[in-house]
Amino acid sequence: MERIIKLLDGTTLHIKNEFIELITRYIQKDNIKEAGGVLFGTYAPDDQCYTLCDISEPTSLDKRSRTGFVRSKKSHQIEINKKWETSGGIVNYMGEWHTHPAPNPTPSDIDRELIRQIIRDHSNVYPKVFLAILGSDFSLYIGVADSTVSYELIFTHCLTGE
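Residues numbered from 1 in each chain as written. Predicted model: local features only at pLDDT ≥ 70, side-chain atom pairs only at ≥ 80, totals over all residues. Heavy atoms only, no water.

**Q** Account for unusual backbone geometry, naming residues and giving values.
**A** Apart from glycine, the bulk of residues carry a negative phi angle, and the bulk of peptide bonds sit in the trans form. Backbone geometry at Asp-30 places phi at a positive 55°, although glycine is not the residue there. You can see Asp-30 is positioned in the loop between helix 1 (17–23) and strand 3 (36–44). Residue Asp-30 is classed as exposed on the basis of its relative accessible area, which comes to 69%. One non-glycine residue with positive phi stands out, namely Phe-138, at about 70°. Secondary-structure assignment places Phe-138 in the loop between strand 8 (128–134) and strand 9 (140–146). (Helix = DSSP H or I, 4+ residues; strand = E, 2+ residues; numbered from the N terminus. Buried < 20%, exposed > 50% of the residue type's maximum accessible area, 1.4 Å probe, protein only.)

Okay, structure coming up:
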């Protein structure tokens, strides 16, 4: 079942089942290292509607540890370009995702700075930038930063585990 989140400013975020299925493959159990990548989706500006539909998966060029993840810009940019081209320019970069080794994930200072940097660099193609963090209990933190208002995560929502 697709999940729908309504933001206070009238924006709607649709989270596709395919997205949930992909991201939960990387749940951190035991001594598994953090995983992450970029979020892909679509944006309908007339309706202020975003749809999270896919992720880039971790690559061998990413730096991963039990409590940290730094994605390779080069390898994930290749995925962003492919997704854009194969979708005819409809699917694009929407933000970042990674796992945390604990339940009920919340963003670290590093996570918050990453979102600020994306907005400062104008790496985002849409007005809002999303951050998804998957916890070890299948809970999914969703943070949203509106680049037209501030550099901060202004809305958060946590989907509970399965």
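**Q** A description of the side chain of Ser-56 should follow, citing residues and the corresponding values.
**A** Note that Ser-56 resides in the loop between strand 4 (49–55) and strand 5 (63–65). Separated by 2.8 Å, the side chain of Ser-56 and the backbone nitrogen of Val-38 make a polar contact. Once you skip the residues sitting within four places of it in the chain, Ser-56 turns out to touch Gly-36, Gly-37, Val-38, Phe-40, His-76, Glu-79 and Trp-97. (Polar contact = N/O pair within 3.5 Å; in protein donor to acceptor, adjacent residues only side chain to side chain. Contact = heavy atoms within 4.5 Å.)

**Q** Please give an account of helix 2 (residues 73–86) that cites residues and values.
**A** In a regular helix each residue adds 1.5 Å, so 14 residues correspond to 20 Å; helix 2 covers 20 Å between its end C-alpha atoms and thus fits that length. Among the residues of helix 2, Ser-75, His-76 and Ile-80 are the ones counted as buried. Each buried residue of helix 2 sits inside an arc of 145° when the element is viewed along its axis, so together they form one side. Exposed side chains of helix 2 directed beyond 90 degrees from the buried face belong to Lys-74 and Glu-85. Buried residues in helix 2 make contact with strand 3 and strand 7 (92–99). One or two steps after helix 2, the chain reaches Gly-88, where phi turns positive at roughly 70°. (Expected span 1.5 Å × (residues − 1). Arc of directions from axis to C-beta.)

**Q** Break down the side chain of Ser-136 for me, with residues and values.
**A** With respect to the element layout, Ser-136 can be found in the loop between strand 8 and strand 9. Among the residues examined, Ser-136 registers a relative accessible area of 13% and is labelled buried. Residues contacting Ser-136, with those up to four places away along its chain left out, are Ile-27, Gln-28, Lys-29, His-100, Pro-101, Ala-102 and Pro-103.

**Q** Any chance you could break down the nonpolar core for me, citing the residues and the numbers?
**A** Core analysis: the largest hydrophobic core is formed by 24 residues, its most contacted members being Leu-13, Phe-19, Leu-39 and Ile-142. In terms of residue count, helix 1 provides more of this core than any other element does, four residues in total. Beyond its immediate chain neighbours, meaning those up to four positions away, Leu-13 contacts Arg-3, Ile-4, Ile-5, Tyr-50, Leu-52, Met-94, Phe-130 and Ile-142. One finds Phe-40, Tyr-93, Ile-118 and Leu-131 within the second-largest nonpolar core, a separate group that totals 14 residues. (Core = buried A, V, L, I, M, F, W, Y, C linked by side-chain atoms within 4.5 Å.)

**Q** Give me the pairing of strand 4: which residues, what numbers.
**A** Here strand 4 lies mainly inside the structure; six of its seven residues are buried. Relative to strand 4, strand 2 (residues 12–15) runs parallel, the two sharing four bridges. Residue pairing in the sheet places Ile-15 in a bridge with Leu-52 of strand 4. In this structure, strand 3 lies alongside strand 4, joined through six bridges in antiparallel fashion. Among the inter-strand pairings, Gly-41 is bridged to a residue of strand 4, identified as Leu-52. The antiparallel hairpin formed by strand 3 and strand 4 contains four residues in its connecting segment, where Gln-48 sits at a positive phi of about 50°. (Pairing = 2+ DSSP bridges.)

**Q** Before we move on, can you summarise the packing of aromatic side chains with the specific residues and values?
**A** Going through the model one piece at a time under the given rule, you end up with five aromatic pairs. With centroids separated by 4.2 Å and ring planes inclined at 25°, the aromatic side chains of Tyr-43 and Tyr-50 adopt a geometry described as stacked. For Tyr-43, a relative accessible area of 23% gives the class partly exposed. Between Tyr-43 and Tyr-126, the ring centres sit 5.3 Å apart and the planes meet at 50°, which makes this aromatic pair tilted. Of the two residues, Tyr-43 is situated in strand 3 and Tyr-126 in the loop between helix 3 (109–120) and strand 8; the sequence distance between them amounts to 83 residues. (Phe/Tyr/Trp six-rings, centres within 6.5 Å; stacked < 30°, edge-to-face > 60°.)

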